[in-house]
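Close look at the chain arrangement
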Amino acid sequence: MAELHVIGQLVGGYDFHSCDLFCKWGLAHGSNWNVIEGKSEGQTQVDHPKDGTFAKWSHPIDLHLSCQGLQGWPKLHFQVWHEDIFGRNELYGYGFIHVPTVPGNHEVDCVIWKPVGSFMDQVTSFFMGGGPELSQESLVHSSEDRLRLRTESSGRVRLKLGIIIRNFEKFGVETS
Amino acid sequence: MAVRPPVSKSNVFLLMVTGEIESAEFPEYDGLYCNFSFFYGQDWTVLSNSSEGITQTSMRGSSPASNFVWNFPIDVTFKSTNPFGWPQIVVSVYGVNSLGRDEVRGYGSIHLPVTPGRHSLDIDMFVPEPASKLQKLVSWLIGPRPELVDPKFVARGEGREITRVSSQGFVRANVNIVMKDFSKQGYRNGTERFSNNSS
């Protein structure tokens, strides 16, 4: 059985409207894959950065997966939330990346987008805050049902990932 | 090579880390020292005798682009059977406040690189914020700032959602990573061209 280690951290979020942010993250993978050790979901700290440009989460990721087939290569998906001075949370967007297949150290940026509602929704959220959210979070990392969704860009999440693989070449799989 | 080391049957690999806690950048403060240690999983053990240290107190220099320089040596060797629990450097930076008390200026952590070679690591630093507005006022009036009970908290992923922090500055560590028997155990980290596997 081939093994995959994902070792690194969620560095932070930047290019957002405001950088008082936190992030919920999770791992999605196909049925050929199993998480042997490590947390496959989590939530970062809330950062109020002094310089106000880059929310630092420094959130460790350490995952040990095994697979019996390549289909369903694992993905990491993110939800970025903003916390205002009253402690209210507002969704800033979604995004996903595939875990890199090439072993080694990677710095990966994930673009973040959020759904846009109708004109009336936008008027409401301008005065009341908040905004539309996805009812099915799996939409973030699946390619189905995106057609009717209207979205806008909202920022980026940075990750540093170290990838270690084992026994892939035993099954004739080349990743680099 | 003419002489081959004896092939070990065990599934142990070694990770040697040499380098330095080089310097730090903190715009607002002066007179800082740094405490560093390593956080690693239960499959890992430290072979050398010391895996932690406290640097000297460094003042801002007079040259224009100066930051806090520590140049503090790191020299650790780890032994493990499993990459899970890969070691993280955990640093906490302290300074002396106007009342002469030690006060934390930042916590941070980063995983060691998974590839051999020389790496420069910038460790982002942050301090926890008071949980409520009242505590914020109290700590502003009579100090001290909130601190983490266990500085290694920052290397764990659990319980982070309830912490509010304020980030500022970074610590730079330069490390050289040497690995032994890693690819022999079947692990690939993208540097296979350096090893001669006869598989």
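Reference entry: report on the structure contained in this document. Here the structure is a predicted model, which is why all the values come from computation and not from measurement.

Below, the discussion takes up a nonpolar patch on the surface. All names here are of chain B. Taken together, the side chains of L134, L137, V138, W140, L141 and I142 present a nonpolar region at the surface, about 710 Å² in accessible area. Within the secondary structure layout, I142 lies in helix α1 (residues 133-142). Judged by its relative accessible area of 59%, I142 is exposed.

The next subject is helix α1 (residues 119-128) of chain A. Among the 10 residues in α1(A), zero count as buried, and that is only a small part of the element. Looking one or two places after α1(A), you find A:G129, whose phi comes out positive at around 80°.

In the case of a regular strand, side chains alternate between the two sheet surfaces. Residues and elements named next belong to chain A. The buried fraction of strand β1 (residues 2-14) is high, at 13 of 13 residues. With 12 bridges connecting them, β1 and strand β6 (residues 54-67) associate as antiparallel partners. Opposite A2, over in β6, you have C67 as the bridge partner. Pairing between β1 and strand β10 (residues 151-166): 11 bridges, direction antiparallel. In the strand pairing of β10, G13 is matched with V157.

On to the pairing of strand β1 (residues 13-25) of chain B. All names here are of chain B. As paired strands, β1 and strand β5 (residues 68-80) are joined by 11 bridges and run antiparallel to one another. Paired with G19 across the two strands is I74, which belongs to β5. In terms of strand pairing, β1 meets strand β9 (residues 164-180) through 11 bridges, oriented antiparallel. Residue pairing across strands places T18 opposite N176, the latter belonging to β9.

Here we come to the interface of chain A and chain B. Accessible area lost on assembly of the parts is the figure often given for the size of an interface. Counting residues at the interface gives 38 residues for chain A, matched by 41 residues for chain B. Interface of chain A and chain B: buried area, both sides summed, is about 3200 Å²; carbon and sulfur atoms make up 50% of it. In this structure, the connection of chain A to chain B is made through three salt bridges. Where A:E83 meets B:R164, a salt bridge forms, and the shortest distance between an N and an O atom there is 2.6 Å.

Below, the discussion takes up the side chain of B:R160. Position of B:R160 among the secondary structure elements: in the loop between α1 and β9. Sequence-distant contacts of B:R160, that is, excluding residues within four places in its chain, are made with A:Q43, A:T44, A:Q45, A:W57, A:S58, A:H59, A:P60, B:F126, B:F153 and B:V154.

Centre distance and the angle of the planes are the two values used to describe a pair of aromatic rings. By the definition in use, this model includes 18 aromatic pairs over all chains. Measuring from centroid to centroid gives 6.0 Å for B:F13 and B:Y187, while their planes differ by 70°, and the two rings are edge-to-face. Of this pair, B:F13 sits in strand β1 while B:Y187 is found in strand β10 (residues 187-188), placing the two residues 174 residues apart along the sequence. For the residue pair B:F13 and B:Y187, the accessibility class agrees, reading buried in each case. By way of ring pairs, the aromatic residues B:F13, B:F36, B:F38, B:Y40, B:W44, B:F72, B:F78, B:W86, B:F182 and B:Y187 are connected into one cluster. When the ring centre of A:Y92 is taken as reference, the NZ or CZ atom of A:K114 above it lies at 5.4 Å.

Further remarks concern the pattern of salt bridges. Residues and elements named next belong to chain A. Counted by the stated rule, this structure contains 14 salt bridges over all chains. E3 is the salt-bridge partner of R166, the closest N and O atoms lying 3.5 Å from each other. Here E3 lies in strand β1 and R166 lies in strand β10, a separation of 163 residues in the sequence. For the pair formed by R166 and E3, the shared burial category is buried. Through salt bridges with shared partners, a single ionic network connects E107, D109 and R158.

Parameters at a glance
Residues numbered from 1 in each chain as written. Chains lettered and ligands numbered in written order. Predicted model: local features only at pLDDT ≥ 70, side-chain atom pairs only at ≥ 80, totals over all residues. Heavy atoms only, no water. Patch = residues over 30% accessible without salt bridge, like charges linked within 9 Å, V, L, I, M, F, W, Y side chains within 5 Å. Areas by Shrake-Rupley, 256 points an atom, 1.4 Å probe, with all protein chains shown as cover. Salt bridge = Lys/Arg side-chain N within 4 Å of Asp/Glu carboxyl O. Helix = DSSP H or I, 4+ residues; strand = E, 2+ residues; numbered from the N terminus. Buried < 20%, exposed > 50% of the residue type's maximum accessible area, 1.4 Å probe, protein only. Pairing = 2+ DSSP bridges. Contact = heavy atoms within 4.5 Å. Buried area = accessible area lost by both parts, 1.4 Å probe. Phe/Tyr/Trp six-rings, centres within 6.5 Å; stacked < 30°, edge-to-face > 60°. Lys NZ or Arg CZ within 6 Å of the ring centre and 35° of its normal.

None of this, on its own, says anything about what the molecule does.
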